[in-house]
Structures are given as C-alpha cells and as structure tokens.
Amino acid sequence: HPFLTDDEGKGFSKRMGSLSIENFKNEGFESITLLNYFLFIGSSNNIQPISELPDIINKFNIKNISKSSAKFSKESLVALNKNTIKLFNFHQIKDKLINLSEGLHKEKFWRFVKNNITYLREVNDWEKIITENKNHKDFKIDDNFINIAANELPNDPYDEHTWDIWTSKIRDKSGLKGKDLFMPLRLILTGKPHGPELKYLIPLFDKNGILQKLGKI
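Residues numbered from 1 in each chain as written. Predicted model: local features only at pLDDT ≥ 70, side-chain atom pairs only at ≥ 80, totals over all residues. Heavy atoms only, no water.

1. What to know about the pattern of salt bridges
If you walk through the whole model with that rule in mind, you get two salt bridges. The residue Glu 27 makes a salt bridge to Lys 74 at a minimum N-O spacing of 3.0 Å. Here Glu 27 is found in helix α1 (residues 21-27), whereas its partner Lys 74 is found in helix α4 (residues 74-87), with 47 residues between them in sequence. Of the charged contacts, one joins Glu 30 and Lys 96 as a salt bridge, the two residues approaching to 3.0 Å between their closest N and O atoms. Here the residue Glu 30 occupies a position in the loop between α1 and α2 (31-40), and Lys 96 occupies one in the loop between α5 (90-93) and α6 (106-113), the gap between them amounting to 66 residues. Judged by its relative accessible area of 9%, Glu 30 falls in the buried class. (Salt bridge = Lys/Arg side-chain N within 4 Å of Asp/Glu carboxyl O. Helix = DSSP H or I, 4+ residues; strand = E, 2+ residues; numbered from the N terminus. Buried < 20%, exposed > 50% of the residue type's maximum accessible area, 1.4 Å probe, protein only.)

Given below as structure tokens:
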C-alpha cells in the first residue's frame, strides 16, 4: 500500500513532483517543520510544533509508526510551519534577518512579526510596512484627523500601552470611536485595512517614524 495518501485516502501519483522536500523548502517551509511533520505523520504521536532538533530526536520512537498509510495534509503542514515559527526566539533566527534595515530594532521586530507570518520570507513584507511611508491622501483620510493624531501622539519610547493612550486622546479630541477611529490609523501605519493588534506594532516605531507616516515630517 502507499506510504502516503491524500485527505481522501487516495494514493499519490508518482508524477506529483510538487511533493518533494526541495519544493516544500522552495515554498518557504522550515527544515525543522518538514522533519517534524514527516517523522510523525504516520505515528501515534500528535504532531506538535517543535523548534529544536534534539526535542524531535527525543520524541521519536519507531515503535509508534503505524502500519497503515499516513494521510498527508498540506493544510496541516502550513499550520505547523506557522506555529513552529512562533516558537523561534530571536537568537535562533537572527542570522536569517541580517538583510533587514539597519534602522530596525531587529529583536523587537521579530517578537512582533513571528506571530503574524506563515513563512519566514514574509518578514520582508512587514519590514516594508514599517519603513515605507504611504501618502495618507491615498486613503482619503481627513486632514483634521491627521492633525489631531499628530498633536496627540505621545513622546517615545513606546510600549504596548502607548496605543491605548494615544487613541484615547484622539477620541477625546475628535469624538470618533470604533472603526471610524481605528481604521484611519491602521491605514496610516500599515497601508492595510486588516492585520494584527496595533498595540504590538507601535513599539517598533519612534515618534519621528509615526510622524513621517502621518506626513508631518
């Protein structure tokens, strides 16, 4: 019988070249993710994210391998990669971040970005979000709102409490709340209508960085 089957229990075609370790790595899967997944896919062990090779070695027991065909799930592999990346601390990953902007606090950046990516290559997208300034007029944001946001911006350094302090001041001055308050700020800071909690993003900026996003310097 086939060693691997798809979600429906059907055997894979020998011509499915996409199912190769090389192609998975080219897609962005971490080596530790692939080792973890394919070692335990056909065993009685639950596949949990693991970031260290010794932990995988200690967990593996050939006696737990099932005699029946293992079911391969790309969806499960993607989820495992995402959750594995969350486990990497900065020192495990810093050599892969050497090409990031010198002005970026890389350790703070990693603590934020690792919870918002599925593949490591996506760090470049977040670097652009933080370092590039988009014209707020492209989002048709009211100039009065921009002025209030700039005037009420606290002094740096920033932490996870800064977002609540800043938005409370803007709300008091503008009378805006909910989506009308938060969406313009999200667009200004990230250029995207959706994304992670901004209180975790703010600490990656200094005051000048946010004022640049607001078009004030």
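2. Remarks on the nonpolar core
Grouped together as the largest cluster of nonpolar side chains are 45 residues, with contacts concentrated most on Phe 109, Trp 110, Trp 166, Ile 210 and Leu 214. Counting residues in each nonpolar core, the second largest holds ten residues, with Phe 24, Leu 34, Ile 41 and Ala 70 among its members. (Core = buried A, V, L, I, M, F, W, Y, C linked by side-chain atoms within 4.5 Å.)

3. Here's the deal with the environment of Leu 100
Here Leu 100 shows up in the loop between α5 and α6. Judged by its relative accessible area of 5%, Leu 100 is buried. With 24 residues separating them in the primary sequence, Leu 100 and Asn 124 have C-alpha atoms 7.6 Å apart. Among residues more than four places away in sequence, those in contact with Leu 100 are Lys 106, Phe 109, Asn 124 and Glu 127. (Contact = heavy atoms within 4.5 Å.)

4. Some words on helix α9 (residues 162-174)
If you check α9, its first and last C-alpha atoms are 18 Å apart, about what 13 residues at 1.5 Å a residue would give, namely 18 Å. Looking at α9, one finds that the buried residues are Thr 162, Trp 163, Trp 166, Thr 167 and Ile 170. Along the axis of α9, the buried positions cluster into a sector of 115°, meaning they face one direction only. Looking one or two places after α9, you find Gly 175, whose phi comes out positive at around 80°. (Expected span 1.5 Å × (residues − 1). Arc of directions from axis to C-beta.)

5. Quick notes on the packing of helix α8 (residues 143-151) against helix α10 (residues 179-190)
Taken N-terminus to C-terminus, the directions of α8 and α10 make an angle of 80°; their axes are 12 Å apart at the nearest point. Judged by the inter-axis angle, α8 sits roughly perpendicular to α10. Along its contact with α8, which presents Phe 145, Ile 146 and Ala 149, the element α10 presents Asp 180, Leu 181, Pro 184, Leu 185 and Ile 188. Along the lines of polarity and charge, the residues of the contact of α8 with α10 split into seven nonpolar, no polar and one charged. (Axes fitted to C-alpha atoms, helices over the stretch in contact; angles between N-to-C directions. Parallel < 35°, antiparallel > 145°, perpendicular 65-115°, else oblique. Nonpolar A, V, L, I, M, F, W, Y, C, P; charged D, E, K, R; others polar.)

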